[in-house]
There are 6 protein chains.
Amino acid sequence: MRLQGETRRIAFETGVQVHAEGSCLVRLGNTHVLCSASLEDRVPDWMKGRGTGWITSEYGMLPRSTHTRNAREAAKGRQQGRTVEIQRLIGRSLRQAVDLARLGERQLTLDCDVLNADGGTRCASITGAWVALALALKARGLESALKNQVSAVSVGILEAGPGLRQGLILDLEYEEDHRAAVDCNLVASRPAGRVEDVPDIVEFQSTGEGRSFTRAEALDLLDLGLTGCASFMDAQLEAIARA
Amino acid sequence: MRLQGETRRIAFETGVQVHAEGSCLVRLGNTHVLCSASLEDRVPDWMKGRGTGWITSEYGMLPRSTHTRNAREAAKGRQQGRTVEIQRLIGRSLRQAVDLARLGERQLTLDCDVLNADGGTRCASITGAWVALALALKARGLESALKNQVSAVSVGILEAGPGLRQGLILDLEYEEDHRAAVDCNLVASRPAGRVEDVPDIVEFQSTGEGRSFTRAEALDLLDLGLTGCASFMDAQLEAIARA
Amino acid sequence: MRLQGETRRIAFETGVQVHAEGSCLVRLGNTHVLCSASLEDRVPDWMKGRGTGWITSEYGMLPRSTHTRNAREAAKGRQQGRTVEIQRLIGRSLRQAVDLARLGERQLTLDCDVLNADGGTRCASITGAWVALALALKARGLESALKNQVSAVSVGILEAGPGLRQGLILDLEYEEDHRAAVDCNLVASRPAGRVEDVPDIVEFQSTGEGRSFTRAEALDLLDLGLTGCASFMDAQLEAIARA
Amino acid sequence: MRLQGETRRIAFETGVQVHAEGSCLVRLGNTHVLCSASLEDRVPDWMKGRGTGWITSEYGMLPRSTHTRNAREAAKGRQQGRTVEIQRLIGRSLRQAVDLARLGERQLTLDCDVLNADGGTRCASITGAWVALALALKARGLESALKNQVSAVSVGILEAGPGLRQGLILDLEYEEDHRAAVDCNLVASRPAGRVEDVPDIVEFQSTGEGRSFTRAEALDLLDLGLTGCASFMDAQLEAIARA
Amino acid sequence: MRLQGETRRIAFETGVQVHAEGSCLVRLGNTHVLCSASLEDRVPDWMKGRGTGWITSEYGMLPRSTHTRNAREAAKGRQQGRTVEIQRLIGRSLRQAVDLARLGERQLTLDCDVLNADGGTRCASITGAWVALALALKARGLESALKNQVSAVSVGILEAGPGLRQGLILDLEYEEDHRAAVDCNLVASRPAGRVEDVPDIVEFQSTGEGRSFTRAEALDLLDLGLTGCASFMDAQLEAIARA
Amino acid sequence: MRLQGETRRIAFETGVQVHAEGSCLVRLGNTHVLCSASLEDRVPDWMKGRGTGWITSEYGMLPRSTHTRNAREAAKGRQQGRTVEIQRLIGRSLRQAVDLARLGERQLTLDCDVLNADGGTRCASITGAWVALALALKARGLESALKNQVSAVSVGILEAGPGLRQGLILDLEYEEDHRAAVDCNLVASRPAGRVEDVPDIVEFQSTGEGRSFTRAEALDLLDLGLTGCASFMDAQLEAIARA
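Residues numbered from 1 in each chain as written. Chains lettered and ligands numbered in written order. Predicted model: local features only at pLDDT ≥ 70, side-chain atom pairs only at ≥ 80, totals over all residues. Heavy atoms only, no water.

Within an unreviewed UniProt entry, the label attached to chain A reads Ribonuclease PH, and the organism entered is Mesoterricola sediminis. Its UniProt record gives chain A a comment under Sequence similarities (unreviewed entry), which states: "Belongs to the RNase PH family." Its UniProt record gives chain A the following Catalytic activity (unreviewed entry) comment, quoted word for word: "tRNA(n+1) + phosphate = tRNA(n) + a ribonucleoside 5'-diphosphate". (UniProt positions renumbered as here; feature names shortened; annotations may be inferred.)

And the structure:
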C-alpha cells in the first residue's frame, strides 16, 4: 500500500496526437488522460484588437473510461455539470501559466480527454495540459510567453475503509476519493525556470463530504498538497526535456 | 467606506413566496436573492427505497439583475457554466445542514434567484437558502432533521483600485471582486443550536486571479472568512426567530 | 368576497431592480410580477439602418411561484408553449405604447418575472411592464416617444364553484380562472396624457373552455374588461407620479 | 377582386394520407394545408385511468411553402414561437368538437402541415382538421363522440393598399394580412347535426396592429367572421358527404 | 403481382409549390414525396468569393406518412440519424447534376418531404428532386448549368414472404424492404441530353440484412438497378417536357 | 510509396481501457482508433422479453485528432451528420458478427473514438471494434455467440495528385481520400473459425465524387477491397491470439 504522503507513479508520453502543436498522454496510476494543446492564430471575437491571447479548455471522459459505461455527452446533447466545472477549472489554472500579452493574438485550446479513470482526473488533466502547452509554445518558438509552471494534485482525509490508506492522504484513487470525509484539489505554480522554488497556490478547493473540517486540517491538507505538486513539477520538466 | 473586515448589512425578509414551504429575500447591500425551499414527499427515482432524503439546488439570475442585461438562460436553452457551478456548490453546502435519514424519503429543492447583483451572489444564496430551508422544516414539523447551521461569505485580496478597500477584505462588492488578486468563497457550519461555537469549514474555494498566493495568505483569508460566516449566522437566527 | 365587477387591489413598487432603466414590482392580490425595462442603444441586426426602434419581451415564472414547484425552464433547456405565447402577447401589446420612430435606433426589452402566481399573470405583466417602460423612457429623456398608455385585465364567465364569484367576473384569481367557462384577456390603450378618454382595444383574446359563447356574451365581457383596464390606468399614473 | 365579405373558394380533397384514420388537403385560394387525424388507443401517461380521451395538435410549414425559403424547424432544433402558438390554438379549438368521455381512453393527434401559404393558414388548419377528425371518428365507428362542428376564418380592417380590398374584410390573403390595421381570427362551433344553427364563438382573437380599435369595430368583425365560419361549415359537410 | 424486374408506376405533378423556383410531387406507387428546389442568389459564408455555387438538401417525413404516427422531428428538437443520412445522400447525388461553376454564386436547396411512405422514399426523393432542380434552372434561364440527369432506385434480394415477390427484385415496397436479405440503393446519372446513353453509377449502397452476399449477387443487383434508373430517367424527361 | 493494392500496416494493442469487457487501440498508419466493447446484462426497453440481445455503436473524434482542431460535439450539443452516419454503419456491420439469440438479453455497446485521423477512420473502427467485441465475449464466456468475423477497408480511384498513388488503390490516406474520384467503403465477413474462406460482402458503399463510374469499375473496386478485408482478418486473429 502507498504511504499516506506518496503520489502514484506519474508518466508522460509526449507527441501522441500527431497533428497537435503539443500533446501528451499522462498516466497517473490507472488514471490516463490524453492532453493536447492547439495553438491558433486567432482569438475569440470579443477579444480582437487587444493584442493579447486567450487560453481555454475542454474536458471529456470516453464513455468506457469508467467502471460501468457512461452515456456519451455528444449523444445526450449536453455536457454534465461536473464536466463544465472541471473544464472551467483547467482553463483558469492554465491561464496562470502564460503571459497573455507575449502570446499575442493567439488562442490556446487545451483538450483533456480521459481514457481511463481511477480518481484525480481533473488534477492529472491540469498537470498533463501544462506539458502539452509548454511543448506547443516551444514548437512555435513562443517559449518567452511561458510564465509559470503549473501542476495539480488531490489531497483528502479518509476515516475508514478496509484495505485503504487512512488519515491525511495524497493523490486519492477512485475508491479513496469516494470514501473521503474531506476532499481537496490543489493547483500550484512557480515561475518558469525557478526549479528550486516552493510552489505557491493557484487554486485550493476543499470540500467537506459529510462533515465539516477545521482550520488546522485545512492547513495540513494544503501543506501535503504542495509537496505533491512540487514532485509533479519535477516529472513535468523531465518529460519536456526528453521530448 | 467599509472597514476591511466588515461585511455589508444583511437583512432577511421571510415568507415572500406565498406558496413555498419556506422562503426569504436576502438583501446583502445591493445583492438581493430570493430563496425558496420546496419540500416534496418524494425522492428521485435512483434514491427510492433507501429511506433517506435528498437536497438539490437551482440558481438563476434575472436578466436585469446586472449592470447590462444578460440573456435569459431559458431563452438560450442552456444554463451557463457559471450557473451550473454555483448551483452545485449551493446544493453541496446545504446537504451539510440536514440529517438526510431523519428527513426521510423527501426532497428539498432550494431555488435561489438573483434579483439584483452586486457581488457575492453565491454566498448570499447559501446564507439565504439556509433560512428558507430551516423555515420549511419548521413549517412541516421536521425541525429534528436540521443538523447544522450553514452560511457563506466571500473574502479576497485587493491590490489596487481608487475608492476601493485595500488588502485582505471581507464580503466583496462587484467592483472589488472584479479587481481582486485573490478571490475566495468560504462556506462554514456549526451544529444547530450551538450558537456559541466557532464555525468549521464546509467548503473553501480560493482562486488566484492573475497571481498565485502563499500558504500564509490562505490562512489569513480563511480566518477572516470565518468571522464573516459567524456574523451571518447570528443574523440568520434572528430572522428565524422573528419569522 | 369581491364584487363581480371589481378588480383585486393593485400596487406598484418602483425602482426595485437597481440597474434597470425602469422597473417595478406589481402586486395584484397574490399575483406578484417583477417587471424591468432595459433600454439599449442598439437594435437587432435585421432592423439596423431604418432609424426606428424595437420593443421585445421575455416572461418567466420562478419555479416556486406556483402551488407546487414547476421545473425551471433554463434547466429543461426549453421554454414552454405557454411562456412563448405570453411573451409574444406582452411584446405586441407594449409596442403599441411607443412611437418607434421617435425611440430611434434603440431596443427596449421588457422582462416580466412572476414571483407569486394567483391568476392573471399575463395581464399583471403587461400593466406592470408599461410602468417600467414609462420610467425607463423618462430616465433617459425620451418621454416624447411614449405614445399610448397600455393596461390589461382578465375577464370571464364562471358557472359554478362553492365560495367563488359567479357569472360575468373581472380579474380572475387562479381558482376562478381554473373553473371559468369563458376566459378572456383584454389589453386596452389610450393616448398618453388623455387621462379622461375611454380606452380602446389593443388585443382581445376570448376562449370558450368547455363551451362556446355568444356574441352578446362577448360584448358584455369586452365592456366589463374596459372598465378594469381604465381603473388600472389610473393606478399606473399614480405610481409614475410617486416614483 | 373579391367582395369585402366574401371568402376565397374552399375545397377539401379527402383521403390523401393513405395510412391516416382521417385526412384531407384543404385548399383556400393559394393556402393549402394537409391535415391528418391519427387515432391511437392510448392516452398520455398523466391521463391514464380517467376513462376520457385527449386531443392534441401539431403544426408545421414546409420550408418552401412561403415566398422565400424558411429554415426547417427540425434542422434548427426548435419550433418558433409562432408555430407553438398556432398549434396550441388548433388543439384547443378541436377539443371543443369532441365529447372526450365518449371518445374513451384514446388520443387524437391532428397534424396540420402547410404546403403553400397565402394568409389564413391557422384558420384553414382548424377548418381542415375538423374534416380529418370527423372522418377518423367515422372510420373507427366513433361518430357518437363528435359533439360539435368547428370552423375558423380570419377577418380584419384594411385601411390602405393599391389593388387590395378596403375596410372590414373577410378571409385575408397574405398581402392583406400584412397590411391590416386590425387582424382577427375567429373559431366558431355549432352542435353536430344542427346544420341550421347560427354558430357560436369558440375563440376570438383580435389584435390591433399599429392602432387600437373600438368596441363597435370589434362587434362588426365578430359578425362578419361568423358568416364566414358558417359558410365554411357548409363546405365541410359537403366534403364529408362526398368522402 | 409485379414482375421481379418491374418498377411501380411513377408519376410527376409539377408546379405544386407555387412559390418555389421548381417543384414536383412524385408518386411512386403509394410513396409520395413533395420535392422543391429553392434557388437563392447567395452561397454559404465559407463559399463566398469562389465564383461557384452550392447544392444542399433537407429531407423530412410528415408525422402521418407512415403506418403509425411518427413523432415530429421539429417537436423533438432533433433530426433522427436516418433523416440525416438520407439528406446527405440526396445532396451528394444532386451535386452531380449541376456544373457548379456555371451555376455561379447561387445556392440550390432541395427539400424533399414525404407525404406517404411505402418504401423507397430516398430514391423517389432523388428522382423527384432532379425534376424540381431542372425546372428551377429552366425558370431562371440557367439550363446551361444542368450537366447530368440523375435518378435512383432500390433493389434487393428477398428470400421469403407469402404474397411477396421473390429473389432479385426491383423497387421494393415497404413490406418487401422490411423482409429483404440484401437491400440496395442505386443512384445513376448520364450526361444531360444524352437520352440514349446507358447510365453510370453515382452511388451504390448495398447492405446485407441478416446475411452477407457475394460478388456475383452484387453484380446482379447493380445490373437490375441500372435498368430501373434508366426507365425513371425517361419518365423524368416526359415530366419536364409536359411542364 | 505504397503499392496500389497494399494496405498500411495495421496493429492492435489490446486491453487499453482497463474497465471495459474488451478493448483495443487499432493503429492503421497514422489513423488511431480506441475501440471498446461494453457488455451489459440488459437490453433497451423496446427489446425486453424477446430473449435476444442488441448491439449498438457510438463514434467520436477527439477535437485534435485532425489537422486543425474540430469543435467538440459535446460542447456544440449535437452530433454531426457524418458522425451519425458512421456510427450507424459500425453498429449495422457488427450486428452481423453476433448470433443475437445466443447473446441472450444483453447489450453490447461499441465505442470507437478516433485519437488520430489520417483517412479510413470508419473502416479502422469496424476492424478494431470486432477485436474488442470478440475479447468481450471471450472474457464473459460467450464465445459461442460469435458468429462471423468482420473487417472493413476503403478503396478508391485516384486520378491525379503529385506524390500520391494513382488508379485503383486500397486503404486510402487522408490526402488520397480527399482527391479520389471514386471513394468506397467495403465491410466483409466470413463465418467465425473459417479462416480459409474468401470473405463475402456485408456492406459496399461506393460514391462518385465529381464523376460517375462504370459497372466494370465497381467490380474492380469490390475485388480489391475483398483482398484488403481478408488481410485485416488475419491481423485480427493474431491480435486475439496474443491477447
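(A) Region of the structure containing the confidence of the model for chain A. In this model, chain A carries a mean pLDDT of 95, and residues with pLDDT of at least 70 account for 100%. For this predicted complex, the interface score ipTM comes out at 0.95, alongside a pTM of 0.92. (pLDDT = per-residue confidence, 0-100.)

(B) How the structure looks around the packing of aromatic side chains. This structure, assessed with the given rule, holds nine aromatic pairs over all chains. An angle of 75° between the planes, with centres 6.2 Å apart, marks the rings of A:Phe204 and B:Phe204 as edge-to-face. On the criterion of chain membership, the pair formed by A:Phe204 in strand β9 (residues 200-208) and B:Phe204 in strand β9 (residues 200-208) is interchain, its members lying in two chains. Taken individually, A:Phe204 and B:Phe204 each receive the classification buried, so the pair is uniform in this respect. Ring plane angle 75° and centroid distance 5.2 Å describe the contact between B:Trp46 and B:Trp54, whose orientation is recorded as edge-to-face. (Phe/Tyr/Trp six-rings, centres within 6.5 Å; stacked < 30°, edge-to-face > 60°. Helix = DSSP H or I, 4+ residues; strand = E, 2+ residues; numbered from the N terminus. Buried < 20%, exposed > 50% of the residue type's maximum accessible area, 1.4 Å probe, protein only.)

(C) Representation of the interface of chain B and chain C within the structure. If you look at the interface, chain B gives 36 residues, while chain C gives 36 residues. Taken over both partners, the interface formed by chain B and chain C buries close to 2800 Å², and the fraction arising from carbon and sulfur atoms is 47%. Contact with chain C buries surface across chain B, with B:His19, B:Arg64 and B:Arg69 losing the most and accounting together for 27% of the total. Between B:Asp111 and C:Arg69 there is a salt bridge; the shortest N-O distance is 2.6 Å. Across the contact surface, chain B and chain C share 24 residue pairs in polar contact (both at pLDDT 80 or more). Mapped onto the side of chain B that touches chain C, the elements with two or more residues apiece are β3 (31-40), β4 (54-61), α1 (73-76) and β5 (107-116) of chain B. Per-element tally for the side of chain B that touches chain C: the top contributor is β5(B), with six residues. Looking at the side of chain B that touches chain C residue by residue, the classes come out as 14 nonpolar, 13 polar and nine charged. (Contact = heavy atoms within 4.5 Å. Buried area = accessible area lost by both parts, 1.4 Å probe. Salt bridge = Lys/Arg side-chain N within 4 Å of Asp/Glu carboxyl O. Polar contact = N/O pair within 3.5 Å; in protein donor to acceptor, adjacent residues only side chain to side chain. Nonpolar A, V, L, I, M, F, W, Y, C, P; charged D, E, K, R; others polar.)

(D) Quick look at the UniProt feature "domain: Exoribonuclease phosphorolytic" (unreviewed entry) in chain A. Under the feature "domain: Exoribonuclease phosphorolytic" (unreviewed entry), the UniProt entry names residues 6-136 of chain A. The straight-line gap between the two end C-alpha atoms of residues 6-136 of chain A is 30 Å; of that span, 30% is helix and 31% is strand.

(E) Summary view of the sheet that holds strand β5 (residues 107-116) of chain D. Residues and elements named next belong to chain D. Strand order in this open sheet of five strands is β1-β2-β3-β5-β4, and the pairing throughout is mixed. Strands with a single pairing partner mark the edges of an open sheet, and in this sheet they are β1 (10-14) and β4 (54-61). Sheet twist, expressed as the average angle between the axes of neighbouring strands with direction ignored, equals 20°. When strand β2 (residues 22-28) meets strand β3 (residues 31-40), the two strands line up antiparallel, connected through seven bridges. Bridging from a neighbouring strand, Ser23 pairs with Ser36 of β3. Where helix α4 (residues 121-139) meets the sheet, its contacts fall on β1, β2, β3, β4 and β5, and the angle it forms with β3 comes to roughly 35°. (Pairing = 2+ DSSP bridges. Axes fitted to C-alpha atoms, helices over the stretch in contact; angles between N-to-C directions.)

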